[in-house]
2 protein chains.
Amino acid sequence: MYSELNTSNRILMGPGPSDAHPRVLKAMSTPLIGHLDPQFVTIMDEVKTMVQDTFITKNHLSFVVSAPGSAGMETCLVNLLEPGDDVIICINGVFGGRMADIAERCGAIVHKVEVAWGTVISPEDIRKVLDKCPKPKLLALVHAETSTGALQPIKEISDLIHNAGGLLMVDAVTSYCGVELRVDDWGIDAIYTGTQKCLSAPPGLSPVSFSDRAVKVLENRKTKVQSWFLDLSLVKNYWGGEKRAYHHTAPVSSIYALRESLRIVLEEGLENRWKRHQRVHEVLKTKLEKLGFRYLVEEQYRLPNLNSVFLPDGNDENVIRSILLNDYNIEVGGGLGAFSGKIWRIGIMGESCTFNHVNMLISALEDMKEFNA
Amino acid sequence: MYSELNTSNRILMGPGPSDAHPRVLKAMSTPLIGHLDPQFVTIMDEVKTMVQDTFITKNHLSFVVSAPGSAGMETCLVNLLEPGDDVIICINGVFGGRMADIAERCGAIVHKVEVAWGTVISPEDIRKVLDKCPKPKLLALVHAETSTGALQPIKEISDLIHNAGGLLMVDAVTSYCGVELRVDDWGIDAIYTGTQKCLSAPPGLSPVSFSDRAVKVLENRKTKVQSWFLDLSLVKNYWGGEKRAYHHTAPVSSIYALRESLRIVLEEGLENRWKRHQRVHEVLKTKLEKLGFRYLVEEQYRLPNLNSVFLPDGNDENVIRSILLNDYNIEVGGGLGAFSGKIWRIGIMGESCTFNHVNMLISALEDMKEFNA
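Analysis parameters
What you see as residue numbers is a count from 1 along each chain, following the sequence as written. Key to labels: chains lettered from A, ligands numbered from 1, both in the order written. For a predicted model such as this one, the threshold for reporting local features is a pLDDT of at least 70, and the threshold for listing and counting side-chain atom pairs is 80 or more; totals across whole chains, interfaces and linings nevertheless cover every residue. The basis for the side-chain values is all heavy atoms of the structure; hydrogens and waters are excluded. Where helices and strands are cited, they refer to DSSP runs of H or I of at least four residues and of E of at least two residues respectively, numbered from the N terminus. Buried, partly exposed and exposed residues are distinguished by accessible area as a fraction of the type maximum, computed with a 1.4 Å probe on protein chains only: under 20%, between the cut-offs, and over 50%, respectively. Distance and chemistry together define a polar contact, namely a pair of N or O atoms within 3.5 Å, with one atom able to donate a hydrogen and the other to accept it when in protein, and with adjacent residues in sequence counting only for side-chain atoms on both sides. Joining through side-chain atoms within 4.5 Å is the link that ties buried Ala, Val, Leu, Ile, Met, Phe, Trp, Tyr and Cys residues into a set, and such a set is a nonpolar core. For this analysis, residues touch if any pair of their heavy atoms sits within 4.5 Å. Summed over both partners, the accessible area lost on bringing two parts together, with a 1.4 Å probe, is the buried area. Any Lys or Arg side-chain nitrogen found within 4 Å of a carboxyl oxygen on Asp or Glu counts as a salt bridge. Two rings from Phe, Tyr or Trp (for Trp, the six-membered ring) form a pair when their centres are within 6.5 Å of each other. A pair whose planes differ by under 30 degrees is stacked, one over 60 is edge-to-face, and the rest are tilted. For the least-squares superposition of copies, only C-alpha atoms count, and only for residues with pLDDT at least 70 in both. Lines fitted to the C-alpha atoms define the axes, with helices restricted to the stretch that makes contact. Angles between their N-to-C directions range from 0 to 180 degrees. Roughly parallel here means an angle under 35 degrees, roughly antiparallel means over 145, roughly perpendicular means 65 to 115, and every remaining angle is called oblique. Note: crossing handedness is left-handed where the near helix turns anticlockwise from the far helix by less than a right angle, and right-handed where it turns clockwise. Amino acid classes used here: Ala, Val, Leu, Ile, Met, Phe, Trp, Tyr, Cys and Pro are nonpolar; Asp, Glu, Lys and Arg are charged; the rest, including Gly, are polar. Here, any two strands with at least 2 DSSP bridges between them count as paired. UniProt positions are given in the numbering used here, feature names are shortened, and annotations may be inferred rather than shown by experiment. For a helix, the expected span equals 1.5 Å multiplied by the number of residues minus one.

Let us look at the side chain of Ser66(A). Residue and element names in this part refer to chain A. For Ser66, the location among the structural elements is in the loop between strand E2 (61–65) and helix H3 (69–80). Given a relative accessible area of 5%, Ser66 falls into the buried group. Only 2.7 Å separates the side chain of Ser66 from the side chain of His248, close enough to count as a polar contact.

A word on the nonpolar core. Grouped together as the largest cluster of nonpolar side chains are 208 residues, with contacts concentrated most on Met169(A), Phe210(A), Met169(B) and Phe210(B). Excluding residues within four positions of it along the chain, Met169(B) makes contact with Met73(B), Cys76(B), Leu77(B), Met99(B), Leu138(B), Leu139(B), Ala140(B), Leu141(B), Ala190(B) and Tyr192(B).

On the side of chain A, 72 residues touch chain B, which itself brings 73 residues to the contact. Summing both partners gives a buried area of about 6100 Å² for chain B against chain A, and 59% of it is carried by carbon and sulfur. Summed over the shared surface of chain B and chain A, the number is eight salt bridges. The residue Lys26(A) makes a salt bridge to Glu4(B) at a minimum N-O spacing of 3.5 Å. On the surface where chain B and chain A come into contact, there are 29 residue pairs in polar contact (both at pLDDT 80 or more). If one sorts the elements of the side of chain B that touches chain A by residue count, helix H9 (residues 252–268) of chain B sits on top with nine residues.

Turning our eyes to something else, we now look at the packing of aromatic side chains. Overall, the coordinates contain twelve aromatic pairs over all chains when judged by the stated rule. Taking 4.9 Å as the distance between ring centres and 45° as the angle between the ring planes, the aromatic pair formed by Phe55(A) and Tyr176(A) counts as tilted. Remark: Tyr176(A) occurs in the loop between strand E8 (167–171) and strand E9 (190–192) and Phe55(A) occurs in helix H2 (residues 38–55); sequence separation between them is 121 residues. On the basis of relative accessible area, Tyr176(A) is assigned to the buried category, the value being 1%. Ring geometry for Phe293(B) against Trp344(B): centres 5.7 Å apart, planes inclined by 35°, an arrangement best described as tilted. Of this pair, Phe293(B) sits in the loop between helix H10 (270–290) and strand E11 (294–295) while Trp344(B) sits in strand E14 (residues 343–347), and the two are 51 residues apart along the sequence. Accessibility assignment for this pair places Phe293(B) and Trp344(B) in one class, buried. An aromatic cluster is built from Trp117(A), Phe310(A) and Phe339(A), whose rings are joined through pairwise contacts.

Moving on to the relation of the copies chain B and chain A. Superposing chain B onto chain A takes a rotation of 180° plus a shift of 0.0 Å along the axis, which leaves an RMSD of 0.0 Å. The transformation just described matches what one would write down for a two-fold rotation axis. Interface overlap between copies is the fraction of interface residues in one copy that are interface residues in the other; for chain B against chain A it reaches 99%, indicating a shared surface.

Within the secondary structure layout, Gly16(A) lies in the loop between strand E1 (11–13) and helix H1 (22–28). Residue classification places Gly16(A) among the buried residues on the basis of a relative accessible area of 7%. Between the C-alpha atoms of Gly16(A) and Lys236(A), which are 220 residues apart in sequence, the distance is 28 Å. Aside from chain neighbours lying at most four places away, what touches Gly16(A) is Gln196(A), Lys197(A), Met349(A) and His35(B).

Residues and elements named next belong to chain A. Within the structure shown, the criterion is met by 46 salt bridges over all chains. Between Arg263 and Glu260 there is a salt bridge whose closest N-O contact spans 3.1 Å. Placement of the pair is Arg263 and Glu260 together in helix H9 (residues 252–268), with a separation of three residues, close to one helical turn. A residue is classified by how much of its surface remains accessible, and Arg263, at 10% relative accessible area, is buried. With a closest N to O distance of 2.7 Å, Arg321 and Glu317 form a salt bridge. With Arg321 and Glu317 both in helix H11 (residues 317–328) and four residues apart, the pair spans about one turn of that helix. Taken together, the salt bridges that share partners define one network made up of Arg23, Glu260, Arg263 and Glu267.

With that settled, the discussion passes to the packing of H2(A) against H9(A). All names here are of chain A. Following both chains from N to C, one finds H2 and H9 inclined at 40°, their axes separated by 10 Å at the closest point. Judged on the interaxial angle alone, H9 and H2 are oblique. In this structure, H2 meets H9 at a crossing whose hand is left-handed. Between H2 and H9, the residues in contact are Phe40, Ile43, Glu46, Val47, Met50, Val51, Asp53 and Thr54 and Val252, Ile255, Tyr256, Leu258, Arg259, Leu262, Arg263, Val265 and Leu266, respectively. Looking at the contact of H2 with H9, its residues break down into twelve nonpolar, one polar and four charged.

Moving on, we get to the sheet that holds strand E13 (residues 330–334) of chain B. Residue and element names in this part refer to chain B. Judged by pairing direction, the sheet is mixed, and its five strands sit side by side in the order E1-E13-E14-E12-E11 without closing on themselves. What marks the edges here is a single partner per strand, and that holds for strand E1 (11–13) and E11. Where strand E12 (residues 306–310) meets E14, five bridges bridge the pair, whose relative direction is antiparallel. Residue pairing in the sheet places Asn307 in a bridge with Ile346 of E14. Sitting on the sheet, helix H11 (residues 317–328) touches E1, E13 and E14, and the angle it makes with E13 is about 155°.

Right, let's get into the UniProt feature "domain: Aminotransferase class V" (unreviewed entry) in chain A. The UniProt entry lists residues 34–335 of chain A under the feature "domain: Aminotransferase class V" (unreviewed entry), expressed in the numbering used here. Within residues 34–335 of chain A, the helical portion is 42% and the strand portion 17%, while the C-alpha atoms at the span's ends are 41 Å from each other.

In this section: H3(A). Residues and elements named next belong to chain A. For H3, with twelve residues, the first-to-last C-alpha span of 17 Å sits near the 16 Å given by 1.5 Å per residue. Counting buried positions along H3 gives twelve out of twelve residues, so the element sits mostly inside the fold. Among the residues of H3, Gly69, Ser70, Ala71, Gly72, Met73, Glu74, Thr75, Cys76, Leu77, Val78, Asn79 and Leu80 are the ones counted as buried.

Here Gly16(A) and Pro17(A) are connected by a cis peptide whose omega angle stands at 5°. Structurally, Pro17(A) can be placed in the loop between E1 and H1. Positioned with a positive phi, Asn329(A) is a non-glycine residue whose angle comes to about 60°. Residue position: Asn329(A) is located in the loop between H11 and strand E13 (330–334). Even without a glycine there, the phi angle at Cys177(B) is positive, about 70°.

Laid out in structure tokens, this is it:
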């Protein structure tokens, strides 16, 4: 038989999940109500409005996919793409690659724009691919590449794809509620995110939003969406519409937690939250560089909330990361893919974005320099 | 701005979610740890073993899909079916219909066995369809139809499909941990369930299990699985295998809750739990029939934990259901599909399966007869 759950009290400074606010944990432990209870319907409506507010959008089709961010990614692609569609996928890390994989599974013709990991896609890169593929249905890019810490400028690329008559789809998993993100102003047609990064809710849900332009594309599909679970023509009636229709059973407790975390974001204010992430990042950066860490990403394209850094020469990243976890209860992330074993990904996201978090990490590293190394 | 979460203290006696044990709610509010933390890997291993124990199987490929039961259904179908495959789908309610819908989206050739809602599929029905479709890849049926309260006998049909060389897939969403279910003994090759029924955990996850026969079919696929998120060739390396590979971010808090609910089931013992559901059902049945309720399903195929009943003549089910919810905080479920507005679905599942639950409901109905009706 198994003992009671007995986890260590971790300080979460990896690529997510981040620390959850006690209010969020408390909300999540509220006794359940039925997913079709009028009180739960009200909660879903409130969450929907708060999702719109945090995406800065008036999109009617804004709701929460009942599964993690990668299911949000799949929701966007399987609904917007049909076999034979031309799609441009921008790849500068793990998550762009994942989008290409899913688009291929949809039977789309994938035109990849690939640049080095840690760099961003330029408008020039897009112009070039549009020369070869002038009428794409969709262009997809990652706003904040969680695998590299690169922040992708969006506005100019948005204009290019719209001028070509296509839709713009954005992965905002790691940027949402941490750095500037304006769905309507930037002309984003489909967006998905996660809950466990700068929102500081537990992982497991994916807020999404679709523009009226995207909705028209959905309505004009010739084929059925290949996924029943993610089919927006069904899910949208569960999350609103004229008559609420049962689709699946919503994850009630996770929605409680999401609601509370969204409340916390809106109490702080989105712009204040963006500023906080930037301010704490500046301090972290100064202290990391003093210790000999080097950033992977060029300064102007650097995510404040996910710091990808090379360790000072001569350190075994895995050994030091283990000491941090075991002796200090501090989690930082290792590298993914090409950067595995080479970089750390230090997250200061949501509730994990405080000066105290920075100081705990830096002091632990200083200790190691003095006592262990 | 929105107020603090403020839900009523409901008594959940619908088709799910059911009441969660305070231990489960408390476990869920445990502060997060990283999903790749060695401590979380241990938790995943423990959950996997407990999933095997509760399914009564030794299947290596047993784990938890990070999304609700209907995603578990889709996981089974998209992984086991390829375009052009012959599949037999048994339909005696909403969920059989849903399986057929998903199988069609997989490009399979669907042979439907349809019987009246509230009845079950007979071996004779299967023999007939096997005459027309002698070499199906898969036969799918629903063990406990949540839309009607019918309990499907499995063993004889299992032999028929295996003799025909096909796999047996079972929906156990509403039977799991509430009525007898033996994956290995009954020769089930693919099974999925939910957490919010007799397990009494919050909704949002789907435990699944695949036999070695099913795994061979997976390994011999000619095409890629159409869903990236549900692709077992990827997910299985996240839940075990020789080297644990990142796939998506597991819903940490929901897994905490699931772990605690599985612990509670194993403490009680599966057979004791089945007996409890039967015993409480007998009392509920006697009391409901005394009040003039009539069961939809013939006695021998009746689910103990989900009681589908016609109200005594002359009652508006919707009015009485609203009084129960608003004045007594008791939720019972209405009918789905063809039975909408005609029946109630009264769940006594997991923590909601007590004599006190029965008495609260029956007494409320007696009150209404005396004071309101």
